[in-house]
Amino acid sequence: MKNRIVRAVAGTFVLISLLLAIYININWLWFTAFVGANLLQSSITKWCLMDTILERVFKINN
């Protein structure tokens, strides 16, 4: 369940930042890059900040 939530949040962040880059300011693509870098980092280290946040806020253990 937690992995699905993390993927949904990451996908939502990417799509929102792309829309913001198109309609507001191109610099929103830096946020897209940050999300992508975090996903890459989590695949290498097996640690994700969003996992930690979900565990602490919602007490989700999976």
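Notes on the structure in this doc start here.

## Side note on the overall build of the protein
Here's step 1: When helices and strands are tallied, the protein shows three helices and zero strands.
Here's step 2: Along the protein, helices and strands appear, N-terminal first, in the series α-α-α.
Here's step 3: If one aligns the C-alpha atoms of the protein with their principal axes, the spans along those axes are about 40 × 25 × 15 Å.
Here's step 4: Relative to its 62 residues, the protein shows a buried fraction of 23%.
Here's step 5: Considering only contacts within the protein whose residues lie at least 6 apart along the sequence, 48% involve residues at least 24 apart.
Here's step 6: Surface summary for the protein: the accessible area is close to 4900 Å², and the carbon and sulfur share equals 69%.

## Some remarks on the packing of helix H1 (residues 2-23) against helix H2 (residues 29-45)
Here's step 1: For the pair H1 and H2, the least separation of the axes is 8 Å and the interaxial angle reads 160°. When the axis of H1 is compared with that of H2, the two are roughly antiparallel. You can see that H1 and H2 cross each other, and the crossing is left-handed. Two secondary-structure elements touch here, H1 through Ala10, Phe13, Val14, Ser17, Leu18 and Ala21 and H2 through Leu29, Phe31, Thr32, Val35 and Leu39.

## Topic: unusual backbone geometry
Here's step 1: If you check the backbone angles, lysine 46 has positive phi at about 60° while not being a glycine.
Here's step 2: Relative to the assigned elements, lysine 46 resides in the loop between H2 and helix H3 (49-58).

## A closer look at the environment of serine 42
Here's step 1: Assignment of secondary structure puts serine 42 in helix H2.
Here's step 2: Serine 42 gets classed as buried once you look at its relative accessible area, which sits at 16%.
Here's step 3: Setting aside residues no more than four positions away along its own chain, serine 42 makes contact with Trp47 and Cys48.

Definitions and limits used
Residues numbered from 1 in each chain as written. Predicted model: local features only at pLDDT ≥ 70, side-chain atom pairs only at ≥ 80, totals over all residues. Heavy atoms only, no water. Helix = DSSP H or I, 4+ residues; strand = E, 2+ residues; numbered from the N terminus. Buried < 20%, exposed > 50% of the residue type's maximum accessible area, 1.4 Å probe, protein only. Contact = heavy atoms within 4.5 Å. Areas by Shrake-Rupley, 256 points an atom, 1.4 Å probe, with all protein chains shown as cover. Axes fitted to C-alpha atoms, helices over the stretch in contact; angles between N-to-C directions. Parallel < 35°, antiparallel > 145°, perpendicular 65-115°, else oblique. Left-handed = near helix turned anticlockwise from the far one by under 90°.

Function cannot be read off these values alone, since they describe shape.
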